[in-house]
Amino acid sequence: MIYAVGIGPGSRETMTYEAMEAIEKSDVIVGYKTYIDLVKDLIKEKQVVSNGMKQEIDRVKKAVEISKTGKTVSVISSGDAGVYGMAGLILELSEDEDVRIISGVTASTAAAAVLGAPLMHDFCHISLSDLLTPLDLIYKRVVLASEGDFVICIYNPRSKGRPDYLKNSFEIMKKYKSGSTPVGIVKNACRENQKVHICTIDTIDYESVDMLSIVIVGNSSTYIKNNKIITQRGYETKY
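The residue numbers shown here count from 1 along each chain, following its written sequence. Only residues with pLDDT of at least 70 are given local features in this predicted model, and only at 80 or more are side-chain atom pairs given and counted; all residues enter the totals for whole chains, interfaces and linings. Excluded from the side-chain calculations are hydrogens and water; all other atoms, namely the structure's heavy atoms, are used.

Examining the overall build of the chain
Helix and strand labels come from DSSP, where a helix needs a run of H or I of at least four residues and a strand needs a run of E of at least two; each type is numbered from the N terminus. Each helix and strand in the chain was counted, giving eight helices and 13 strands. It is over C-alpha atoms that the radius of gyration is taken, and the globule rule equals 2.2 Å times the number of residues to the power 0.38. Here the C-alpha radius of gyration of the chain, 19 Å, is about what a compact globule of 239 residues would show, namely 18 Å. By principal-axis analysis of the C-alpha atoms, the chain measures approximately 55 × 40 × 35 Å. Accessible area is worked out with a 1.4 Å probe on protein chains only. A residue is then buried under 20% of its type maximum, exposed over 50%, and partly exposed in between. Per-residue burial for the chain yields a buried fraction of 46% across its 239 residues. By definition, residues are in contact when any of their heavy atoms lie within 4.5 Å. Across the chain, contacts joining residues at least 24 apart in sequence account for 70% of those joining residues at least 6 apart. Where accessible areas are quoted, they stem from the Shrake-Rupley method and a 1.4 Å probe; at the residue level, only the protein chains shown are allowed to cover. Counting every atom, the chain has about 12,500 Å² of accessible surface; 50% of that belongs to carbon and sulfur. In this charge count, Lys and Arg are treated as positive and Asp and Glu as negative; neither His nor the chain ends contribute. Where a charge sits is defined by one atom per residue type, namely NZ (Lys), CZ (Arg), CG (Asp) or CD (Glu). Averaging the locations of the 29 positively and 30 negatively charged side chains of the chain gives two centres separated by 4 Å.

Next up, the structure:
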């Protein structure tokens, strides 16, 4: 058995019961070392296999290999395993192994709960990491999501190697969204050192954003009330 487990933002309080149960049932825990550290109190008695970034294929192959010995394995990801996590790769590389995808709490919903209710209408996820996706395709998705008036949740928004991708994306969004559109930035969502900042498209400070941040950009019905971001669902005009 192989479990693809999303551990949420990395605290016991934001893990699903199903995720905790899968880890408890597992003989072996496989994951990126940073994520292993986030659940170390839950896996003290487990065999642990960890490695670094950009070694995802090796990680999953090892998990499949271990599962063939009859052991139950959990491959852990932050957030939800099926949202920029390991679930897809596990399904691609497994053969006849029994694989179960365990739902988790992804960064956008964790951050949204902190910010208020910015995801009350149609929204999309866009990662600004071009390690696996061409940059021109990323910007095309920003164009189309902005043109379609989606609330946009931006993952992997800014790193030392990609200092301008977020700014470039906002320049694209400005062609379709008002400069007063609310923007929420949550760093370390639902973790001990969480930081929250609410601004607008025109007033965002790009330097305040890093790879530990999630950025949520509202749509044309999004507004700020009592320091909370709210996207209108449409009830007030329908009924």
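From this point, the narrative continues.
Focus: the layout of surface pockets
In this analysis the probe radius is 1.4 Å and the grid spacing 1 Å, with only protein atoms considered; a cavity is a set of points the probe fits into but cannot get out of, a pocket is an open set with protein on both sides within 12 Å along at least five of seven lines, and lining residues have an atom within 4 Å of a point. Grid points are joined across faces, edges and corners, and a volume is the space filled by probe spheres set on the points. Estimated volume of the largest pocket: approximately 1,700 Å³. Lining the largest pocket are 46 residues, and of these Tyr35, Ser78, Tyr84, Asn156 and Met211 sit closest to its centre. Elements with a minimum of two residues in the lining of the largest pocket: α2 (33-38), α3 (56-67), β4 (73-77), α4 (87-93), α5 (107-115), β7 (123-127), α6 (135-147) and β11 (213-217). Residues were grouped as follows: Ala, Val, Leu, Ile, Met, Phe, Trp, Tyr, Cys and Pro as nonpolar; Asp, Glu, Lys and Arg as charged; and all remaining residues, including Gly, as polar. Looking at the lining of the largest pocket residue by residue, the classes come out as 22 nonpolar, 16 polar and eight charged.

With respect to the sheet that holds strand β13 (residues 228-231)
Two strands in a sheet stick together by hydrogen bonds in their backbones, pointing the same way (parallel) or opposite ways (antiparallel). One open sheet holds the three strands; their spatial order is β6-β13-β12, and the pairing between them is mixed. In this open sheet, the two edge strands, each paired with only one partner strand, are β6 (116-117) and β12 (222-225). Criterion used throughout: strands pair if DSSP finds at least two bridges between them. Taken together, the four bridges between β12 and β13 define a ladder with antiparallel strand orientation. Paired with Tyr223 across the strands is Ile230, a residue of β13.

Some details on the nonpolar core
Throughout, nonpolar core names a set of buried Ala, Val, Leu, Ile, Met, Phe, Trp, Tyr and Cys residues whose side chains join them through atoms within 4.5 Å. If you look at the biggest cluster of nonpolar residues, it comprises 23 residues, and the most contacted ones within it are Ile154, Phe170 and Val183. Secondary structure elements with two or more residues in this core: β7, α6, β8 (151-155), α7 (165-173), β9 (182-187) and β11. Those residues in contact with Phe170 that sit more than four places away from it in its chain are Ile154, Val183, Ile201, Ile204, Tyr206, Val215 and Val217.

Re the pairing of β8
Burial within β8 is extensive, with five of its five residues counted as buried. Every second residue of β8 is oriented toward a common face, with Val151, Cys153 and Tyr155 on one face and Ile152 and Ile154 on the other, all of them buried. With five bridges joining them, β7 and β8 adopt parallel strand pairing. Within β8, the residue paired with His125 across the bridge is Cys153. Crossover β7 to β8 through α6 is right-handed. Pairing analysis gives three bridges linking β8 to β11, with the strands arranged antiparallel. Orienting the strands away from the viewer, one traces the path from the first strand over the helix to the second; a clockwise path indicates a right-handed crossover.

What to know about the pattern of salt bridges
A side-chain nitrogen of Lys or Arg and a carboxyl oxygen of Asp or Glu constitute a salt bridge if their distance falls within 4 Å. Per the stated rule, a full pass over the model turns up seven salt bridges. Across the salt bridge formed by Glu65 and Lys62, the nearest N and O atoms sit 3.6 Å from each other. Of the two residues, Glu65 and Lys62 both sit in helix α3, three residues apart, roughly one turn of that helix. Lys62 sits in the partly exposed class, given a relative accessible area of 34%. Between Lys68 and Glu97 there is a salt bridge, with the nearest N and O atoms lying 2.5 Å from each other. Placement of the pair is Lys68 in the loop between α3 and β4 and Glu97 in the loop between α4 and β5 (99-102), with a sequence separation of 29 residues. A relative accessible area of 14% places Glu97 in the buried class. Overlapping salt bridges, with partners in common, bring together Lys68, Glu95 and Glu97 in one network.

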